[in-house]
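Understanding the architecture of this molecule
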Amino acid sequence: MGVANEALSGLILANGWEIIRHDARQLVTGPESFWSVNAPALLVKKATVLLEERHPLGRLWDIDVFCPDSGLLSRNAVGENKRRCFICDEPAHVCSRMRRHSLLSLQTVMEARINDYFCHQK
């Protein structure tokens, strides 16, 4: 979560967006971070999708963007494809719904990605 918060903070600052509020929480279901940013929601969504796709750990993150007028924005709203499965690269929602891969398989792939990232940090 620390890496995700740093990356998102960097993205916000690089775009010159004003941070209205930031709240990070450690819940039983896992860490969550909420940001309120003064910027066009579609622009924020496009930038966060690119962050999820380009950062070495980005595929592990689920950055939702809510627009005050239209609510939750989908990847489709900014012309991006749906998330892909970590294991087989099929649409993630299909694999999830069908429980195509075991929890252990998913954890193994995710853990390898995390270990690789931190092993290469100086």
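Description of the structure in this document.

With respect to the pairing of strand β1 (residues 18-27)
By the bridge criterion, nine bridges tie β1 to strand β2 (residues 30-38) in an arrangement that is antiparallel. For Gln26, the partnering residue across the bridge sits in β2 and is Pro31. Hairpin geometry of β1 and β2 is characterised by an intervening segment of two residues between the two adjacent antiparallel strands.

Let's talk about the packing of helix α1 (residues 2-14) against helix α2 (residues 41-54)
Direction vectors running N to C along α1 and α2 enclose 140°, while the axes themselves pass 11 Å from each other. As the angle between them shows, α1 and α2 are arranged oblique. For the pair α1 and α2, the crossing hand works out as right-handed. When α1 is examined against α2, the residues Ala7, Leu8 and Leu11 are found in contact with a partner set consisting of Ala47, Thr48 and Leu51. The residue inventory of the contact of α1 with α2, partitioned by class, reads five nonpolar, one polar and no charged.

Cut-offs and rules
- Residues numbered from 1 in each chain as written.
- Predicted model: local features only at pLDDT ≥ 70, side-chain atom pairs only at ≥ 80, totals over all residues.
- Heavy atoms only, no water.
- Pairing = 2+ DSSP bridges.
- Helix = DSSP H or I, 4+ residues; strand = E, 2+ residues; numbered from the N terminus.
- Axes fitted to C-alpha atoms, helices over the stretch in contact; angles between N-to-C directions.
- Parallel < 35°, antiparallel > 145°, perpendicular 65-115°, else oblique.
- Left-handed = near helix turned anticlockwise from the far one by under 90°.
- Contact = heavy atoms within 4.5 Å.
- Nonpolar A, V, L, I, M, F, W, Y, C, P; charged D, E, K, R; others polar.

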